[in-house]
Amino acid sequence: MPSETTTRQWRILPALPVLKLLGAAGLFALGILLAEGDLLRPVFGTLGAALLAGWGIRDLMAPVRLAVDPEGITVPTGWSGRRHLPWSAVENIRVLHRPGRGFGGPALEIDTSDSLHLFSRMDLGVDPEEVAEALAAARPEPPDPDQP
């Protein structure tokens, strides 16, 4: 019997888009300030700034990375789209503990019949273990084949 049947959302940390946009401005400024007559430095600075700004804008447009309701879960797709996955399509929900620097740490893995979705603490704003527990609580029990 699921203990949670309400809709719940997890979103990126609010400071991340701001940091990405500030980083983009700084990268652009560095490219211009350090040019010293070299054309490649401002070009690379501008390209890097554009990529970082696009990433920050995407975070502002679609901050919700994962949502759950009684019918299933909703995951991001594309630039700012969403895809609702019914519980019947969700094969496995688990937390992976990845070693390493930078990209190490726990990650929530949601495996469906046709896709794999990975979420870090930065994506969810909370510990992936907590989200996995909430998803397990919201997931309906499968019907018992022995019961008529």
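Our subject in this report is the structure included herewith. Since this is a predicted model, take the numbers as computed values, not measurements.

How each quantity is defined
Residues numbered from 1 in each chain as written. Predicted model: local features only at pLDDT ≥ 70, side-chain atom pairs only at ≥ 80, totals over all residues. Heavy atoms only, no water. Phe/Tyr/Trp six-rings, centres within 6.5 Å; stacked < 30°, edge-to-face > 60°. Lys NZ or Arg CZ within 6 Å of the ring centre and 35° of its normal. Core = buried A, V, L, I, M, F, W, Y, C linked by side-chain atoms within 4.5 Å. Buried < 20%, exposed > 50% of the residue type's maximum accessible area, 1.4 Å probe, protein only. Helix = DSSP H or I, 4+ residues; strand = E, 2+ residues; numbered from the N terminus.

Notes on the packing of aromatic side chains
For the structure shown, the criterion picks out zero aromatic pairs. The side chain of Lys-20 reaches across the aromatic face of Trp-55, ending 3.7 Å from its centre.

Observations regarding the nonpolar core
Of all hydrophobic cores here, the largest spans 19 residues; its most connected members are Leu-66, Ile-73, Leu-108, Ile-110 and Leu-135. Elements supplying a minimum of two residues to this core: strand E2 (64-69), strand E3 (72-77), strand E5 (90-98), strand E6 (105-112) and helix H4 (128-138). Looking at this core, the element that brings in the most residues is H4, giving five residues.

A short note on the environment of Leu-19
Within the secondary structure, Leu-19 sits in helix H1 (residues 15-33). For the pair Leu-19 and Gly-56, spaced 37 residues apart in sequence, the C-alpha to C-alpha distance is 8.0 Å.

Function-wise, these values are silent; they only describe arrangement.
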